[in-house]
Amino acid sequence: MQKVTFKDSTAVFTLDEPRRPHEDAPEANLSVEELPYLWAAAPLAVSFEPEKPVSREIPDFPDGGMRAWSVVIGALLMSFGTFGWINSFGVFQTYYQQNTFQNQSASNISWIGSIQYGLIFIPALFTGRLLDLGYYNGPLAISSVFYIAALFLVAECKTFLQVILCQGVATGFFAGMLFGSTPAIVSHWFLKKRSQAFGVLAIGSSIGGTILPIITQQLFGKVGFKWSVRAVAFIITFAVIVANILLRPRLPPSNAKGGIFDWRAFKNPAFACCVLAYNVSLLGLYVPLIYLDLSGQDAGYSPNFTFYLISIANCASLIGRLSSGILADRFGALNTLIPFTLVGAIVSFAWPFATSSIASLVIVSIIYGCATGAFVSLIPSAPARLGGMNDAGRRIGMAITCMAFGATGGPPLAGVIRTKSGGFDDVGLYSGGVILMGCILLTATRYLALGKWVGKF
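A brief report on the enclosed structure follows. (Residues numbered from 1 in each chain as written. Predicted model: local features only at pLDDT ≥ 70, side-chain atom pairs only at ≥ 80, totals over all residues. Heavy atoms only, no water.)

Position of Tyr-136 among the secondary structure elements: in the loop between α4 (124-133) and α5 (137-154). Take Tyr-136: its relative accessible area is 5%, and that puts it in the buried class. In sequence terms Tyr-136 and Leu-178 are 42 residues apart; their C-alpha atoms lie 9.9 Å from each other. Apart from residues no more than four positions distant in its own chain, Tyr-136 is found in contact with Leu-131, Ser-181, Thr-182, Ile-185, Leu-247 and Pro-249. (Helix = DSSP H or I, 4+ residues; strand = E, 2+ residues; numbered from the N terminus. Buried < 20%, exposed > 50% of the residue type's maximum accessible area, 1.4 Å probe, protein only. Contact = heavy atoms within 4.5 Å.)

Further remarks concern the pattern of salt bridges. A full pass over the atoms with the stated rule returns three salt bridges. The salt bridge involving Arg-230 is made with Glu-156; its shortest N-O contact spans 2.7 Å. Of this pair, Arg-230 sits in helix α8 (residues 194-246) while Glu-156 sits in the loop between α5 and α6 (160-179), placing them 74 residues apart in sequence. The partner of Arg-418 in a salt bridge is Asp-298, with the nearest N and O atoms 2.7 Å apart. Within this pair, whereas Arg-418 is found in helix α17 (residues 404-421), its partner Asp-298 is found in helix α10 (residues 287-298), the two being separated by 120 residues in sequence. (Salt bridge = Lys/Arg side-chain N within 4 Å of Asp/Glu carboxyl O.)

A few words now on a nonpolar patch on the surface. Taken together, the side chains of Leu-342, Ile-346, Leu-436 and Ile-440 define a hydrophobic patch exposed on the protein surface, amounting to about 350 Å² of accessible area. Elements with a minimum of two residues in the nonpolar patch: α13 (333-350) and α18 (425-450). For Ile-346, a relative accessible area of 53% gives the class exposed. (Patch = residues over 30% accessible without salt bridge, like charges linked within 9 Å, V, L, I, M, F, W, Y side chains within 5 Å. Areas by Shrake-Rupley, 256 points an atom, 1.4 Å probe, with all protein chains shown as cover.)

This paragraph deals with the nonpolar core. In this structure, Tyr-96, Phe-121, Tyr-147 and Tyr-278 are the most contacted members of the largest nonpolar core, which totals 123 residues. At 15 residues, the largest contribution of residues to this core is made by α8. Excluding residues within four positions of it along the chain, Tyr-278 makes contact with Leu-337, Phe-375, Leu-378, Ile-379, Ala-382, Pro-383, Met-403 and Leu-442. (Core = buried A, V, L, I, M, F, W, Y, C linked by side-chain atoms within 4.5 Å.)

Turning our attention to the packing of aromatic side chains. Each aromatic ring pair is described using two quantities: the centre-to-centre distance and the angle formed by the ring planes. Under the criterion given, the structure shown has 21 aromatic pairs. For the pair Tyr-96 and Phe-225, a centre-to-centre distance of 6.0 Å together with 50° between the ring planes defines the contact as tilted. Here Tyr-96, found in helix α2 (residues 89-100), pairs with Phe-225, found in helix α8; they are 129 residues apart in sequence, far enough to count as distant. Aromatic rings pair up to connect Trp-85, Phe-92, Tyr-95, Tyr-96, Phe-101, Phe-160, Phe-220 and Phe-225 into one cluster. A cation sits over an aromatic face here: Arg-230 above Trp-227, 4.7 Å from the ring centre. (Phe/Tyr/Trp six-rings, centres within 6.5 Å; stacked < 30°, edge-to-face > 60°. Lys NZ or Arg CZ within 6 Å of the ring centre and 35° of its normal.)

With that settled, the discussion passes to helix α1 (residues 66-86). Across its 21 residues, α1 extends 30 Å between first and last C-alpha, which sits within 8% of the 30 Å expected from 1.5 Å per residue. Of all the bends in α1, the greatest measures close to 30° and is centred on Phe-80. Counting buried residues in α1 gives 16 out of 21 residues, a clear majority hidden from the surface. (Expected span 1.5 Å × (residues − 1). Bend = angle between axes of the 7 residues up to and from the residue.)

Set out below in structure tokens:
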């Protein structure tokens, strides 16, 4: 059908044939990543403004090269210095419970780590919006100063309240200020290899979560608590400074409508279900990571061995982070995330019943680490695909910020269950149950995004 256009001085009426892809687009099935950038005329359009040209080009993403990969290395270092520190809390949980705060319950002490896990997600809402508006490196540098100062102040804390405020609130919040928009920065440089780049980014937290607990544990007995924390703070300071140098946005500022928190995004059922799935999964996902050490000691194993379980899990997550990124670029982010999350649920169910031998605990730690590594690596992928790049920072930031509810509530709930039951059997059932529920919601998200049960997403 031929287009017929009527014009006068005030209005333009356009009748067009049914909706079709852009004529230059390839005949093969379009990937989800390309959809936001393709344009097709509506059957009937009424405009009371002069016609404006609409770009039909897909934005050019480097998808590689020295500059793009240097940004990923900067993101890796930022992940090392933020999530690496947060993932090391299991060592502090044991140390505080056995030394500094023996009068506090395991549930009360776990609030320090839970506040960290929760607050690291919240600032993404603000940093993502600032990135979209063109403000990144200035806020990043300021937040880095406060974060480094908070790390060194942890060594000076003497009371439980001081540790809550300094290690829990301050390091958690400013770690979030640093990491919050890092995935969005990476998405500026990658499209087809985006999930792979996210996987490399997430490796940083695995390396940090492996190395930092070992360093801390070894130094506790040699130089004491204060210098152990200071040594770790110096290492993180170096990583954060280099990350500040390497991380740079590429796309121009975009003042998308909707403010800091765009509620309209939740009108997309797939996005709303995705955020809910992340929250439910996080209610159980970090529970084994925090309590692996204590569960091993409860089974009668030496603390000199059990603290390595956290490092083993974090090291194994390297496999999950790298492999999930490669698989997600080929098969789809949720198609990769769902089976990894299901494995995480099964291992969480099995964890309390695997304390009969050292070998079984190590195997559980390795499999659990792979599963959780994949989950963390692919968190930004689905929100990034559920819209265009003009507000990608805000959309990813909203998803990450909303995850704070699940991340904060999970470990204390597990601590209460452990206190009431006197063991970890019920904790494992709780953790595995909520992760399994999250897996079901991720499956629903894929269906809502594609409109069918099978397909690449």
